[in-house]
Amino acid sequence: MDSGDHRTPLSRERIVAAAISFVDRKGLMALTMRRLGTELGVEAMSLYRYVEGRDDLLEGMVEQMIGRLHLGAGDGRPKPDDGWQAYLQWLAHGVRTLAREHPQVFPLIATRHPAAPWLRPPLRSLRVVEDFLRTLVSRGFSDESAVAAYRAFSSFLLGHLLLEAAMLGSRTAPVVALGDEGRSVPTAGREVDLREFPLLRRLEDRLSEDHAAAEFERALEDLLDRLERDLDGELPS
């Protein structure tokens, strides 16, 4: 085969980027080395010069996604005098952007084993976590409170964004109509008849409303307020 366009040579970065694009469109379960090779116009064996196999490819996808969070000052990153709250707001929205733009890929960040057992997804890059801790310590956090903030911040992001990614992924599922008597909604591969649940039928449209952005903002503000109270309690009076 190997009849693809060779004007752009293969590289690990190009292969990983193509894998992310493939999963965005077709889902993680569809990703194989053979299919990815077809996507790139090469034999699957050609990929093994740059990635050791599917497992290494998945790790490369996570690294490339998380690497986007380590941005320079020219990419909207808060300045040193903007405060730690501005930094956490910027970082949280950066992770949320990843989850919303790549809902099929984002769960990988939550499930892949990190480089060190004490790293917590989705902030699982050594560089990103070093940056996070340095930012907080330089703004008055003790080592202990900075680590506690990292744990709380990671848990907040993971809980909200895994749910949001799942909701985004489920929007492609078909809804089966049952006429005027009620509607059926897909769940876990089967249909649920809502005719026996009049309150759910009445409130289905409200339950389906997307308030993810507002809920994310409120929860993030609550977290920042709690961290600020914890920090104030540590400072000498």
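For the structure itself, consult the block above.
The residue numbering used here restarts from 1 in each chain and proceeds along that chain's sequence as written. Confidence filtering applies because this is a predicted model: local features only for residues at pLDDT of at least 70, side-chain atom pairs given and counted only at 80 or more, and all residues used for totals across whole chains, interfaces and linings. Hydrogens are left out, water is left out, and the side-chain values use all remaining heavy atoms of the structure.

## Let's talk about the overall build of the protein
Think of it this way: any DSSP run of H or I at least four residues long counts as a helix, any run of E at least two long counts as a strand, and we number them from the N terminus. If you tally the helices and strands in the protein, you get 10 helices and 3 strands. Under the scheme applied here, a residue whose accessible area is under 20% of the maximum for its type counts as buried, over 50% as exposed, and between as partly exposed, the area being computed with a 1.4 Å probe on protein chains only. Taken across its 237 residues, the protein has 38% of its residues classed as buried. Accessible areas in this description were obtained via Shrake-Rupley with a 1.4 Å probe; residue shielding takes into account the shown protein chains only. About 14000 Å² of surface is accessible on the protein, with carbon and sulfur atoms providing 53% of the total.

## Let's talk about the environment of A149
Relative to the assigned elements, A149 resides in helix α8 (residues 143-170). For the pair A149 and L133, spaced 16 residues apart in sequence, the C-alpha to C-alpha distance is 8.8 Å. Once you skip the residues sitting within four places of it in the chain, A149 turns out to touch F132, L136, F141 and L227. Here, residues are in contact when the closest pair of their heavy atoms is within 4.5 Å.

## Topic: the side chain of E164
Mapping E164 onto the fold places it in helix α8. Among the residues examined, E164 registers a relative accessible area of 5% and is labelled buried. Setting aside its immediate chain neighbours within four residues, E164 contacts R96, R100 and A212.

## Quick look at the nonpolar core
Only buried Ala, Val, Leu, Ile, Met, Phe, Trp, Tyr and Cys residues count toward a nonpolar core, and they belong to the same one when joined by side-chain atoms within 4.5 Å. Core analysis: the biggest nonpolar cluster contains 61 residues, and L57, M61, L123, F132 and F153 have the highest contact counts within it. With residues near it in sequence (within four places) discarded, F132 still touches Y87, L88, L91, L123, A146, A149, Y150 and F153.

## A short note on the packing of helix α5 (residues 84-101) against helix α10 (residues 212-234)
For helices, the fitted axis covers only the stretch in contact; all axes are lines through C-alpha atoms, and the angles between them, taken along N-to-C directions, range from 0 to 180 degrees. Contact pair α5 / α10: the axes reach a minimum separation of 11 Å and the direction vectors enclose 145 degrees. In the crossing of α5 with α10, the sense of the turn from one axis to the other is right-handed. On the side of α5, the interface is formed by W84, Q85, L88, Q89, A92, H93 and R96, while α10 contributes A212, A213, F216, E217, L220, E221, L224, L227, E228 and L231. Residue polarity follows a fixed list, in which Ala, Val, Leu, Ile, Met, Phe, Trp, Tyr, Cys and Pro are nonpolar, Asp, Glu, Lys and Arg are charged, and the others, Gly among them, are polar. Each residue belonging to the contact of α5 with α10 can be placed in one class, and the counts come to 10 nonpolar, 3 polar and 4 charged. Here is the rule for handedness: rotate from the far helix to the near one, and if that takes an anticlockwise turn smaller than a right angle the crossing is left-handed, while a clockwise turn gives right-handed.

## A look at unusual backbone geometry
Trans peptide bonds make up the majority, and among non-glycine residues the majority have a negative phi. Going from P121 to P122, the amide bond is cis rather than trans, its omega being 0 degrees. Examined against the element boundaries, P122 turns out to sit in the loop between α6 (106-111) and α7 (126-137).

## Focus: the packing of aromatic side chains
Pairing of aromatic rings covers Phe, Tyr and Trp, the last counted by its six-membered ring, and requires centre-to-centre distances within 6.5 Å; plane angles under 30 degrees mean stacked, over 60 mean edge-to-face, and any other angle means tilted. This structure, assessed with the given rule, holds 7 aromatic pairs. Ring centres 5.0 Å apart and planes at 85 degrees place the aromatic pair W84 and F141 in the edge-to-face group. Here W84 is found in helix α5, whereas its partner F141 is found in the loop between α7 and α8, with 57 residues between them in sequence. For the pair W84 and F141, a shared accessibility class is recorded, and that class is buried.

## Topic: the packing of helix α1 (residues 12-26) against helix α2 (residues 33-40)
Between α1 and α2, whose axes approach to 10 Å, the crossing angle comes to 105 degrees. For the element pair α1 / α2, the angle class is roughly perpendicular. Listed contacts from α2 to R14, I15, A18, A19, F22, R25 and K26 of α1 are R35, L36, E39 and L40. Across the contact of α1 with α2, the residue classes tally to 6 nonpolar, no polar and 5 charged. Reported orientations rely on four angle classes, namely roughly parallel under 35 degrees, roughly antiparallel over 145, roughly perpendicular from 65 to 115, and oblique for the rest.

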